[in-house]
Amino acid sequence: MGTFAAQSPAMALDYDKAHHLDAENLAEQGIAKTYQEVLPELRQYVKDPIAIEESVDMYASRYAVRSAGQEFVIYAPVSVGSEDKSWGTATYVFFKIINDQLTHSGVRYYALNGGNDLFGIFLTPSQAEDAKRSLPTRTDWPYLPDPKSPWYGQYH
């Protein structure tokens, strides 16, 4: 009888380490508060995390976030017939602010799912690749959000 080398299964994600973010919450003036919730773990990778300031103008229906000298408009009055993309924009901005700080670390902050089921998790790129191999459904794969509507970087 021949012997077979046991292959270790690809890493499944440890969802207990994921932060529930909810894209709707982020878009509705929740970026700074949610960032505060992620900060304790971010500090494991970044010595001095940057501050985030929110700018809310209820009269103009405008919400923006300022970080590292950049302003990101999450929502502003939309023209008739244009789509409100605030959930996707808020997701992209939130992950960009965190990942821009992680450029010299071995990890990135990956998104899982989207919309109300949005989560974030710190992974090395190889852990993210292992997770992709272990998850049969592409929409379950960890991803780095981008600004392109309608998927904002999520695999589909």
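Quick caveat: nothing in here was measured; it's all calculated off a predicted structure. (Residues numbered from 1 in each chain as written. Predicted model: local features only at pLDDT ≥ 70, side-chain atom pairs only at ≥ 80, totals over all residues. Heavy atoms only, no water.)

### Focus on the layout of surface pockets
We count it as follows: Only protein atoms enter the 1 Å grid, on which a cavity is a set of points fitting a 1.4 Å probe that cannot get out and a pocket is an open set with protein on both sides within 12 Å along at least 5 of 7 lines, lining residues being those with an atom within 4 Å of a point. Grid points are joined across faces, edges and corners, and a volume is the space filled by probe spheres set on the points. In this description a helix means any DSSP run of H or I spanning at least four residues, a strand means any run of E spanning at least two, and both kinds are numbered starting from the N terminus. Three classes are used, and their members are as follows: Ala, Val, Leu, Ile, Met, Phe, Trp, Tyr, Cys and Pro are nonpolar, Asp, Glu, Lys and Arg are charged, and the others, Gly among them, are polar.
Its volume calculated, the largest pocket comes out at about 220 Å³. Residue lining of the largest pocket: 17 residues in total, with G88, G115, P150, W151 and Y152 positioned closest to the centre. Here the lining of the largest pocket gets three residues from one element, more than from any other, and that element is helix α2 (residues 86-101). The residue inventory of the lining of the largest pocket, partitioned by class, reads seven nonpolar, seven polar and three charged.

### Remarks on the packing of helix α1 (residues 23-42) against α2
So the rule is basically this: Note on geometry: axes are C-alpha line fits, over the in-contact stretch for helices, and angles between N-to-C directions span 0 to 180 degrees. By definition in this entry, angles of less than 35 degrees are roughly parallel, angles greater than 145 are roughly antiparallel, angles of 65 to 115 are roughly perpendicular, and the rest are oblique. Left-handed describes a crossing whose near helix is turned anticlockwise from the far helix through less than a right angle; right-handed describes the clockwise counterpart. Two residues form a contact once any of their heavy atoms are found within 4.5 Å.
Relative to each other, α1 and α2 sit at 20 degrees, their axes nearing to 9 Å. By the angle between their directions, the pair α1 and α2 is classed as roughly parallel. Crossing of α1 against α2: the hand is right-handed. The segment α1 lies against α2, with A23, E24, L26, A27, I31, T34, Y35, V38 and L42 engaging S86, W87, A90, T91, F94, I97, I98 and Q101. Partitioning the contact of α1 with α2 into residue classes produces twelve nonpolar, four polar and one charged.

### A closer look at the packing of aromatic side chains
Keep this limit in mind: Aromatic contacts are taken between Phe, Tyr and Trp rings whose centres are within 6.5 Å, Trp giving its six-membered ring; a plane angle under 30 degrees counts as stacked, one over 60 as edge-to-face, and the others as tilted. Burial here depends on accessible area, computed with a 1.4 Å probe over protein chains only, as a share of the maximum for the residue type. Under 20% is buried, over 50% is exposed, and the range in between is partly exposed.
The tally for this structure, following the rule as stated, stands at seven aromatic pairs. With 5.2 Å between their ring centres and 65 degrees between their planes, W141 and Y155 make a pair best called edge-to-face. Pair noted here: W141 is in the segment after α3 (125-134) and Y155 is in the segment after α3, with a separation of 14 residues, a long-range link. Under the relative-accessibility criterion, W141 is labelled buried at 16%. According to the relative accessible area criterion, Y155 is partly exposed, its value standing at 24%. Through a chain of ring-to-ring contacts, three or more aromatic side chains come together here, namely Y45, F94, F95, Y109 and F122.

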